[in-house]
Amino acid sequence: MPQLPPPTQHDSAYFDFLEGLKVHNYTHNVKGLLNRYEEKASEFKKDRGYAPSTMEEAGHLLEPELLYQFACATQHCAQHMMWSASADSIEAHHEKLLALMQSENGDSCVKLELNPNLKLPTWYTEHDIHLTPGGYWRQDLVGAVYQRALGVYATSWRRGRDPGSFAAFARCAKVANCRRILDMGSSTGTVTMALRRAYPEAEDVVGIDLSAAILKWSSLTAQEQGLKIRFVQADAANTGFPANHFDLITAHLLLHEVPPEVGDQILHEAFRLLTPGGHLVMLEAPRYGVLPPELAFLEDFDTRGNGEAFWGPFLSRDLPSVLRNTGFVEVKEGPLEYDEPTYWGSAGLMRTGEFKLYNRWVTQGRKPLHNS
Ligand SMILES: C[S@@+](CC[C@H](N)C(=O)[O-])C[C@H]1O[C@@H](n2cnc3c(N)ncnc32)[C@H](O)[C@@H]1O
């Protein structure tokens, strides 16, 4: 993104090292571990007459392995190092970036609507999500730090994050005559901007987030790109927008970061806000129920080792059923139709190249046209 200051040689060397460390962890430690799992799973089957089929059974086989402990420790350290290196690379430009964020945006196409009275929920403020110091909200420059870190997180800091997957997500609901769009948990605005580009005719594209600091950053980015977007500080569980208002609502990597009961409130709120026939589209890591047990166990690392308290509780749920119970129809789930060119996310512990299909898991549904 244009407004990030260029990294120094020291920063670049650090980021390259971290990416190398993460890739090595996936391709050697995790892969080696999975080879070992195959041997142990076949011994298990010989002994018991059935193959391990639950995360718990897979975990009993994987957890004692030194390679597992080493892979977890490596990923955990890499995550801490990623945040501190990203913050250091931004710190030298603190004053300049802050001034940029506070500058008047005059008659910009971007509208930023902050709500100083919004009370941030304690589940949001009380722990540092994915080990980010201060979470999304405590540091003024969290947007810049987050944006820099995401490149390293996805092992693509030199190439930049791949915009193709966001464009594919923005288009996957294929909504005709889409007039109003809401992106819940918009963060740095990457998906909101992809939605704006996918639906140039839409009269209103709105990104909401709890964090004022991150909204200031996303509006600056959208402004630089000349994209007409409204960024609003609001809680996705209780937005204050009118009912039957949006034709398309997205939540890209939001629900795993909120407690399950808040997730339920967000789904009810999305249902209320959608026009009859309107679409809800969400993207997350694949839920445990669609993964082989050993991959589900490895994916659960984020709950235990990456500061993601709600990751496991969310991914253990059967989201399509939850959507149906909320009233949505035509509910479906599956991998995003997009050929991922690189490794991606979830602290990457279980993501070697072979699991590409599972990387981005889309769940969607429609509000019925008529009340039943
Ligand atoms: C993992 S980020 C997702 C970012 C973005 N959608 C993307 O995929 O690039 C989650 C974002 O959701 C925001 N968030 C968490 N709970 C929220 C809530 N109840 N209402 C609005 N935003 C929320 C966080 O502040 C954070 O910026």
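Note that this is a predicted model, so its numbers are computed, not measured. (Residues numbered from 1 in each chain as written. Predicted model: local features only at pLDDT ≥ 70, side-chain atom pairs only at ≥ 80, totals over all residues.)

**What about the overall build of the protein?**
Defined as follows: For helices the rule is a DSSP run of H or I covering at least 4 residues; for strands it is a run of E covering at least 2, with both sets numbered from the N terminus onward. The contact criterion used here is simple: two residues whose C-beta atoms, placed from the backbone, lie within 7 Å are in contact.
What the protein contains, in helices and strands, is 14 helices and eight strands. C-alpha atoms of the protein, sized along the principal axes, occupy 70 × 60 × 35 Å. A fraction of 81% describes how many contacts in the protein between residues 6 or more apart in sequence connect residues 24 or more apart.

**Some points on the site of the ligand**
Filter applied, for reference: By definition, a residue lies near a molecule or strand when the C-beta atom built from its backbone is within 6 Å of it. Classes in brief: Ala, Val, Leu, Ile, Met, Phe, Trp, Tyr, Cys and Pro nonpolar; Asp, Glu, Lys and Arg charged; the others, Gly included, polar.
Looking at the ligand, there are 21 residues lining it, with Tyr136, Gly185, Ser187, Ala236 and His252 nearest. Only α8 (190-198) and β3 (204-209) provide two or more residues apiece to the shell around the ligand. Partitioned by chemical class, the residues of the shell around the ligand number eleven nonpolar, seven polar and three charged.

**Some words on α8**
To keep things clear, this is the line we draw: Exposed residues have 12 or fewer other C-beta atoms within 10 Å of their own C-beta, buried residues have 20 or more, and partly exposed residues fall in between, where C-beta atoms are placed from the backbone.
Most of α8 is tucked away, with eight of its nine residues classed as buried. For α8, the full list of buried residues reads Thr190, Val191, Thr192, Met193, Ala194, Leu195, Arg196 and Ala198. Looking at the buried residues of α8, the elements they touch are α7 (163-171), β2 (180-184), β3, α9 (212-224) and β5 (246-252).

**Concerning the nonpolar core**
Put simply, the test is: Nonpolar cores are built from buried Ala, Val, Leu, Ile, Met, Phe, Trp, Tyr and Cys residues. These are joined into a set through C-beta atoms within 7 Å.
If you look at the biggest cluster of nonpolar residues, it comprises 96 residues, and the most contacted ones within it are Ile181 and Ile249. A total of nine residues in this core trace back to one element, the largest contributor, which is helix α3 (residues 66-91). Setting aside chain neighbours within four positions, we find Ile249 in contact with Leu182, Met184, Ala270, Leu273, Leu274 and Leu280.

**Here we look at the sheet that holds β2**
For the record, the criterion: DSSP bridges decide pairing: two strands pair if at least two such bridges lie between them. Lines fitted to C-alpha atoms define the axes, with helix axes restricted to the stretch in contact, and inter-axis angles between N-to-C directions lie between 0 and 180 degrees.
The sheet built from eight strands is open, its strands ordered β1-β4-β3-β2-β5-β6-β8-β7 with mixed pairing. Of all the strands in the sheet, just β1 (111-113) and β7 (329-335) have a single pairing partner and so form its edges. Across the sheet, the mean angle from the axis of one strand to that of its neighbour is 15°, orientation sign disregarded. Note that β3 and strand β4 (residues 230-233) share four bridges and pair parallel. Across the sheet, Gly207 pairs through a bridge with Phe231, a residue of β4. Where helix α10 (residues 260-273) meets the sheet, its contacts fall on β2, β5 and β6 (274-284), and the angle it forms with β6 comes to roughly 145°.

**Concerning the environment of Pro116**
Considering the arrangement of structural elements, one finds Pro116 in the loop between β1 and α5 (122-125). In this structure Pro116 comes out as exposed when scored by C-beta crowding, with 6 C-beta atoms within 10 Å. Sequence separation of Pro116 and Gln233 is 117 residues, and the distance between their C-alpha atoms is 8.7 Å.

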